[in-house]
There are 2 protein chains.
Amino acid sequence: MALDLSSFFYPESIAILGASNKEGKTGHTLFKNIIEGGYQGEVFPVNPRGGTILGHKAYQSLSEIEGEVDLALFIIPAKFVPQAMKEAGEKGVKGAIIISGGFREAGNQALEDELVEIAREYDIRLVGPNCQGINFTGSKLCASWPLITSQGSIAIISQSGTIGASVAIKAEEENCGISGFVSLGNRVDVDESDLMEFFAMDEKTQVIVLYLEGVANGQKFIETAKRVTREKPVLVLKGGRTELGQLAAESHTKSMAGKDAVFEGACRQAGITRLREFNDLYLWAKILGSSMKRGGSKLLIITSSGGSGILSTDIAVENGMTMAKMSEETLEALKERLPDYCIFGNPLDLTGDTDAKRFEEAALLAAEDPEVDLFLFIFGDPIPGAFEVVEGLKEKISQEILVCYWGGGEVEYEETLKFQRANIPVLSTPEEAAKAAVALAHGERGEFHGEEE
Amino acid sequence: MALDLSSFFYPESIAILGASNKEGKTGHTLFKNIIEGGYQGEVFPVNPRGGTILGHKAYQSLSEIEGEVDLALFIIPAKFVPQAMKEAGEKGVKGAIIISGGFREAGNQALEDELVEIAREYDIRLVGPNCQGINFTGSKLCASWPLITSQGSIAIISQSGTIGASVAIKAEEENCGISGFVSLGNRVDVDESDLMEFFAMDEKTQVIVLYLEGVANGQKFIETAKRVTREKPVLVLKGGRTELGQLAAESHTKSMAGKDAVFEGACRQAGITRLREFNDLYLWAKILGSSMKRGGSKLLIITSSGGSGILSTDIAVENGMTMAKMSEETLEALKERLPDYCIFGNPLDLTGDTDAKRFEEAALLAAEDPEVDLFLFIFGDPIPGAFEVVEGLKEKISQEILVCYWGGGEVEYEETLKFQRANIPVLSTPEEAAKAAVALAHGERGEFHGEEE
């Protein structure tokens, strides 16, 4: 049975314990982000001093609030949390996000145990403690920081606030957005498996991204992930692959990771895609979170730069892609249409004097060839009009087009912005572009599935 | 004997054959870049139409020019090049850069042979044909594109114009600059070995970056590199590691690369550092081209973000770095000075509420520990004043500090700019930062040396 997490994601009202008028304080940032993020429910700042906070009447305690409170945020010193949790219980609060640190991670196991016991008694679900909150763009609820508001399809579940937030920041910068971000903290109750289950059901979410240092419950993790990966791809970056990294992980989140090979095996069994670096994690999330349709491993690279095409080819081949082999007919048609100094192979090198139009001509001919599943266009020079050509081709050919733009100075900057505004992913090196092709090909429905039981 | 290449890098006068007033034409861009780049010698645009080009008197042929001409640029159709080369010979030109394509790479071997024969007869040195020219910031000579003017210590030698230019563009964007960029083209005469030798002697150059698809002369390459790597690090990215990549390389630059393992062996023998991706190539160039002193493999990571510290640790350890083990005394001193919720290990986790000052306090204490060779600071939150703290520490401690700034939104942007203006490298993910540490440690004098003969 999946946990009901609706109080965290669809609360009708929120109490913010520790809300503050003082800039720089977490209780200020967080309350401000909830308001500026556009949350539509009721908000009740709570602070013993009372008065008004950011223009809202402040309550001296939870019990003073007249209406109902679905969700409570705790941004008060650890020692005050248990008492406040009792009040929350009396008030009928259903979910609590405890931002405050100072529990198990700081050696205060007893305080953490006390808190958990109270929450259980009152049937309050907990996220945290020692976490960076929740951002759920589906409810315009940014109970976290930084303020990220662009809606997208990437769901982030992270044992590190910074790493989770960094995925969200990049997604906002490149205009692909997120569906949600949950910072796990010490995860005394709600864990990564519960959240995977939630985001599997969330309509906006297309891809689930995990940063973990260890799993809360191995059996539950594998079983949940097996179900979830049948619906949506799950990507994971794990901190603590090495012994020293793991030692640090144990200090950081008290995660007992066990041997890395065990985790590797669990991912394979559960159909989870494991990535080795943050940039790869983000790249895969961006591609699988885009509107590009997945699948197709036979790649045709069309490039203005010979060297760039070769770098892409190496990475694509090293990662199991097939380089499409065009038929003689297609090659003849290309030779008839394009300048004779082009290099007619795969990569198809249009050479440095090409304009965007030549990419279009080449793609229209090559798209007829059943050998070609997927295009990669490398604009390796300042080629204006690249965006318009790619946008126009979408209507005319059935294959997807991955776009790499580099070495283009001012023109690159302008074209990249146009692509991002239209939510078409742009890759910034030939190698990144090849990895994006791998992600798209790997994403064929079926491949993410866990092993059959 | 090293070739005398001074006519390419320190010409007193340049003739530009094919200079043009028409925007978008290579003969326009290139002449404009020479002028706007600040070249101080004489320039003679040559165009059969005469008149003036970009405000300079244009000559209808080389023979019309009254003064001496050291260097000639050819941006005219391939078929006119041999005749013009004869005129250049009669005029006493010493070096020629042939931008024009349409020779061997387009199947016109005979035309290329003819050109080479004429150049030999007149003792003219050739760069190209089919290349993107030369940029040498030491003479403010940008006979290439794009226009890159920031002086630095990275020398680029490339068989791909786009890939070479991309290193230069990134170096300019991040304000680290280049010493030079030479695009090899079909390299009928001057090759990568000659240029390595030149940049080994060039005072400004600290690191030499190669993009190759094959070497012109294996024996010469190994012997030259062995000498050069005793003086300066040489980094190489090779296109065509895979069979299909190599096939493409053969079409692109007619390079016969041979087995990848042979190239790998040659690099090892010659002391060349081989990198696998463009981003790694640039990262290493940026670090070894900076003013940071090399060496020291015992790393202490100080971070505001636990997870980020762990990601760095994994990559550092996986690449042979040692994590510094601080003495009990150092740890005690740190515990006395810092908040008790910090995590006292390596990584030293100052936690998310840290300010820049806490980094300074921690580093001043840890710097006393002889176990610590090198610092990595990870600012994983919006921490203002990071730059001032790092800048100030330079005077107070002997170890170098690598800086990673991420997850910091607006504040990150501002701080990063300050670092870049001061020419302090900033790394943008924890993994990139760890790789930078590896580059710096690997760069110890001695390690780049080729094998003894």
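See the structure above.
Thresholds, definitions, all that
- Residues numbered from 1 in each chain as written.
- Chains lettered and ligands numbered in written order.
- Predicted model: local features only at pLDDT ≥ 70, side-chain atom pairs only at ≥ 80, totals over all residues.
- Heavy atoms only, no water.
- Contact = heavy atoms within 4.5 Å.
- Buried area = accessible area lost by both parts, 1.4 Å probe.
- Salt bridge = Lys/Arg side-chain N within 4 Å of Asp/Glu carboxyl O.
- Polar contact = N/O pair within 3.5 Å; in protein donor to acceptor, adjacent residues only side chain to side chain.
- Nonpolar A, V, L, I, M, F, W, Y, C, P; charged D, E, K, R; others polar.
- Axes fitted to C-alpha atoms, helices over the stretch in contact; angles between N-to-C directions.
- Helix = DSSP H or I, 4+ residues; strand = E, 2+ residues; numbered from the N terminus.
- Parallel < 35°, antiparallel > 145°, perpendicular 65-115°, else oblique.
- Left-handed = near helix turned anticlockwise from the far one by under 90°.
- Buried < 20%, exposed > 50% of the residue type's maximum accessible area, 1.4 Å probe, protein only.
- Pairing = 2+ DSSP bridges.
- Right-handed = clockwise from strand over helix to strand, strands pointing away.

**Let's talk about the interface of chain A and chain B**
Here is step 1 of the chain: Between chain A and chain B, the contact holds 46 residues from the first and 46 residues from the second.
Here is step 2 of the chain: Here chain A packs against chain B, burying approximately 3600 Å² in sum over the two surfaces, 63% of which is carbon and sulfur.
Here is step 3 of the chain: Sorting the residues of chain A by area buried against chain B places A:Thr162, A:Ile310 and A:Asp314 first, and these three jointly supply 15% of that buried surface.
Here is step 4 of the chain: Across the contact surface, chain A and chain B share four salt bridges.
Here is step 5 of the chain: For A:Glu318, the salt bridge goes to B:Arg241, with nearest N and O atoms at 2.8 Å.
Here is step 6 of the chain: Scanning the region where chain A abuts chain B turns up 16 residue pairs in polar contact (both at pLDDT 80 or more).
Here is step 7 of the chain: Class assignment of the residues belonging to the side of chain A that touches chain B gives a composition of 16 nonpolar, 19 polar and eleven charged.

**Observations regarding the packing of helix α7 (residues 218-228) of chain A against helix α9 (residues 260-270) of chain A**
Residues and elements named next belong to chain A.
Here is step 1 of the chain: Their axes nearest at 8 Å, the elements α7 and α9 cross at an angle of 30 degrees. Looking at the two axes, α7 sits roughly parallel to α9. In this structure, α7 crosses over α9, and the sense of that crossing is right-handed. On α9, the residues that touch Phe221, Ile222, Ala225 and Lys226 of α7 are Phe263, Ala266, Gln269 and Ala270.
Here is step 2 of the chain: Here the contact of α7 with α9 is built from residues that sort into six nonpolar, one polar and one charged.

**Here we look at the pairing of strand β10 (residues 151-158) of chain B**
All names here are of chain B.
Here is step 1 of the chain: With seven of eight residues buried, β10 is to be regarded as a mostly interior element.
Here is step 2 of the chain: For β10 and strand β11 (residues 178-183), the ladder comprises five bridges, and the chain directions are parallel. Bridged to serine 158 within β11 is serine 183.
Here is step 3 of the chain: The handedness of the β10 to β11 crossover, carried by helix α5 (residues 161-173), is right-handed.
Here is step 4 of the chain: Of the pairings in the sheet, the one linking β10 to strand β12 (residues 207-212) comprises five bridges and is parallel in character. Across the sheet, the residue bridging to isoleucine 154 is valine 207, located in β12.

**A closer look at the pattern of salt bridges**
Here is step 1 of the chain: Taken as a whole and judged by the stated rule, the model has 46 salt bridges over all chains.
Here is step 2 of the chain: Here B:Asp189 and B:Arg125 are joined by a salt bridge, their closest N and O atoms 3.7 Å apart. Highlighted residues: B:Asp189 in the loop between β11 and α6 (192-201) and B:Arg125 in strand β7 (residues 125-127), separated in sequence by 64 residues.
Here is step 3 of the chain: Residue classification places B:Arg125 among the partly exposed residues on the basis of a relative accessible area of 30%.
Here is step 4 of the chain: One salt bridge connects B:Asp194 with B:Lys220, and the closest N-O pair in it is separated by 3.0 Å. Linking B:Asp194 in helix α6 with B:Lys220 in helix α7 (residues 218-228), this pair joins segments that are 26 residues apart in sequence.
Here is step 5 of the chain: For B:Asp194, a relative accessible area of 12% gives the class buried.
Here is step 6 of the chain: Owing to a relative accessible area of 28%, B:Lys220 belongs among the partly exposed residues under this scheme.
Here is step 7 of the chain: Three or more residues are tied together by salt bridges with common partners; here these are A:Lys238, A:Asp260, A:Glu264, A:Arg268, A:Arg274 and A:Arg276.

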